Amino acid sequence: SSSVVLFAFYPAARHAIAKKSQSLLLSPCQVITTATSSATFPLLENALERTVFLVTLACICVVSPVVRWRLQRRKEIICGPWDIAHIIVEE
């Protein structure tokens, strides 16, 4: 079934792609995003659609990663009841 394929082969494929893409100038994700964006842009009919498409693409590809990168400075490790209990045995 598709769940077996997803959970069995996806991590292995993702690891293989990540391992090979470290030496490449562009990652497969960047190539796919550029190809689909280049194919979609000419299909948009008016200027408003093109503007919304470019703004949305810029937010997804540029603004969101930059914001996430900047928020990493404020990252804190919180502990709560959802964490795994660590049992310490003192003798």
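Everything discussed here concerns the structure shown above.
All values derive from a computational prediction rather than experimental measurement. (Residues numbered from 1 in each chain as written. Predicted model: local features only at pLDDT ≥ 70, side-chain atom pairs only at ≥ 80, totals over all residues. Heavy atoms only, no water.)

1. Focus: the overall build of the protein
- The number of helices and strands found in the protein is three helices and zero strands.
- Starting at the N terminus and walking to the C terminus, you meet the elements of the protein as α-α-α.
- Against the compact-globule benchmark of 12 Å for 91 residues, the protein has a radius of gyration of 21 Å, which places it well outside the compact range.
- If one aligns the C-alpha atoms of the protein with their principal axes, the spans along those axes are about 75 × 35 × 30 Å.
- Within the protein, the fraction of its 91 residues that count as buried is 3%.
- In the structure as shown, the protein presents an accessible area of about 8800 Å², 67% of it carried by carbon and sulfur atoms.
- Charged side chains in the protein number 9 positive and 6 negative. The centres of these two groups are separated by 15 Å. (Helix = DSSP H or I, 4+ residues; strand = E, 2+ residues; numbered from the N terminus. Rg over C-alpha atoms; globule rule 2.2 N^0.38 Å. Buried < 20%, exposed > 50% of the residue type's maximum accessible area, 1.4 Å probe, protein only. Areas by Shrake-Rupley, 256 points an atom, 1.4 Å probe, with all protein chains shown as cover. Lys, Arg positive; Asp, Glu negative; His and termini not counted. Charge placed at Lys NZ, Arg CZ, Asp CG, Glu CD.)

2. A short note on the packing of aromatic side chains
- Taken as a whole and assessed by the stated rule, the structure comprises one aromatic pair.
- When the ring centre of Phe 41 is taken as origin, the NZ or CZ atom of Arg 50, which lies over that ring, is 5.0 Å away.
- If you follow Arg 73 out to its NZ or CZ, it ends over the ring of Trp 69, 5.8 Å from the centre. (Phe/Tyr/Trp six-rings, centres within 6.5 Å; stacked < 30°, edge-to-face > 60°. Lys NZ or Arg CZ within 6 Å of the ring centre and 35° of its normal.)

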